[in-house]
Amino acid sequence: MANVFSGLSEKLNHVFTKLTKRGTLTELEIKQAMREIRIALLEADVNLLVAKDFVNKVSEGDIIVATKNFGCGSSREQAPEIIKTLGVKCVIAKSFARIHCANLINAGILPLTFKYPEDYDKLAQNDTLMLTNVYKGLESGVFFVSDDKGNSYELVGEFTERQREILRLGGLLSYTK
């Protein structure tokens, strides 16, 4: 769901940036901006319906694949905890919101980015992905995931020694025991 709202906020930000740069606007420009906002809101409604069904489809060990700035607007630890409760072990994205990334690590969920962001476009919904050699990847910062079509994608995970240990132990709670 964070992705739904980050996409919406990106689109609204774009519209408002255009509006504020100009100062005075014509009636036509205001109508165009309102149209863009309505479209962004409609797209968010559609994505929200898809997101509601997510809970019923996710299984233990699933990997979430996301676009850029995953977790934007979600600075609370509840979001990663819910993802963890659903059984998700890894999130692969073009980029992460900084605080959300830290919260994923604290929940024991592995946040990885595509080394080549264009690889995101090569994956399709419901592809089966296999992430291997996770402990080796934690040490080197380089991970590989393969899809059910035989393609392999290079991923990156930059972690401090403390973060690596938190991930190895399954989360901050286990780390502090």
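Residues numbered from 1 in each chain as written. Predicted model: local features only at pLDDT ≥ 70, side-chain atom pairs only at ≥ 80, totals over all residues. Heavy atoms only, no water.

Caption draft 1: Just the environment of Gly141, in detail. By the element assignment, Gly141 lies in the loop between helix H5 (134-140) and strand S5 (142-147). Judged by its relative accessible area of 12%, Gly141 falls in the buried class. Residues Gly141 and Leu112 lie 29 residues apart in sequence; the distance between their C-alpha atoms is 9.3 Å. If we ignore the near neighbours within four places in the chain, the residues touching Gly141 are Leu155, Val156 and Gly157. (Helix = DSSP H or I, 4+ residues; strand = E, 2+ residues; numbered from the N terminus. Buried < 20%, exposed > 50% of the residue type's maximum accessible area, 1.4 Å probe, protein only. Contact = heavy atoms within 4.5 Å.)

Caption draft 2: How the structure looks around the sheet that holds strand S1 (residues 63-66). One open sheet accounts for six strands, arranged S1-S2-S3-S6-S5-S4; its pairing is mixed. Strands with a single pairing partner mark the edges of an open sheet, and in this sheet they are S1 and strand S4 (129-132). Shown here is a sheet whose adjacent strand axes are inclined to one another by a mean of 35°, direction ignored. Sheet topology note: the strand S2 (residues 90-93)/strand S3 (residues 110-114) ladder contains four bridges and is parallel. Its bridge partner lying in S3, Val91 is registered against Pro111. (Pairing = 2+ DSSP bridges. Axes fitted to C-alpha atoms, helices over the stretch in contact; angles between N-to-C directions.)

Caption draft 3: Here's a closer look at the nonpolar core. Counting 17 residues, the largest nonpolar core has Leu110, Leu112, Leu131, Phe143, Leu155 and Phe159 as its most contacted members. Looking at this core element by element, the count peaks at three residues for S3. Setting aside its immediate chain neighbours within four residues, Leu131 contacts Ile63, Cys90, Leu110, Leu112, Phe143, Phe144, Val145 and Leu155. (Core = buried A, V, L, I, M, F, W, Y, C linked by side-chain atoms within 4.5 Å.)

Caption draft 4: Here's a closer look at the pattern of salt bridges. Going through the model one piece at a time under the given rule, you end up with eight salt bridges. In the salt-bridge network here, residues are joined through shared partners; they are Glu139, Glu161, Arg164, Glu165 and Arg168. (Salt bridge = Lys/Arg side-chain N within 4 Å of Asp/Glu carboxyl O.)

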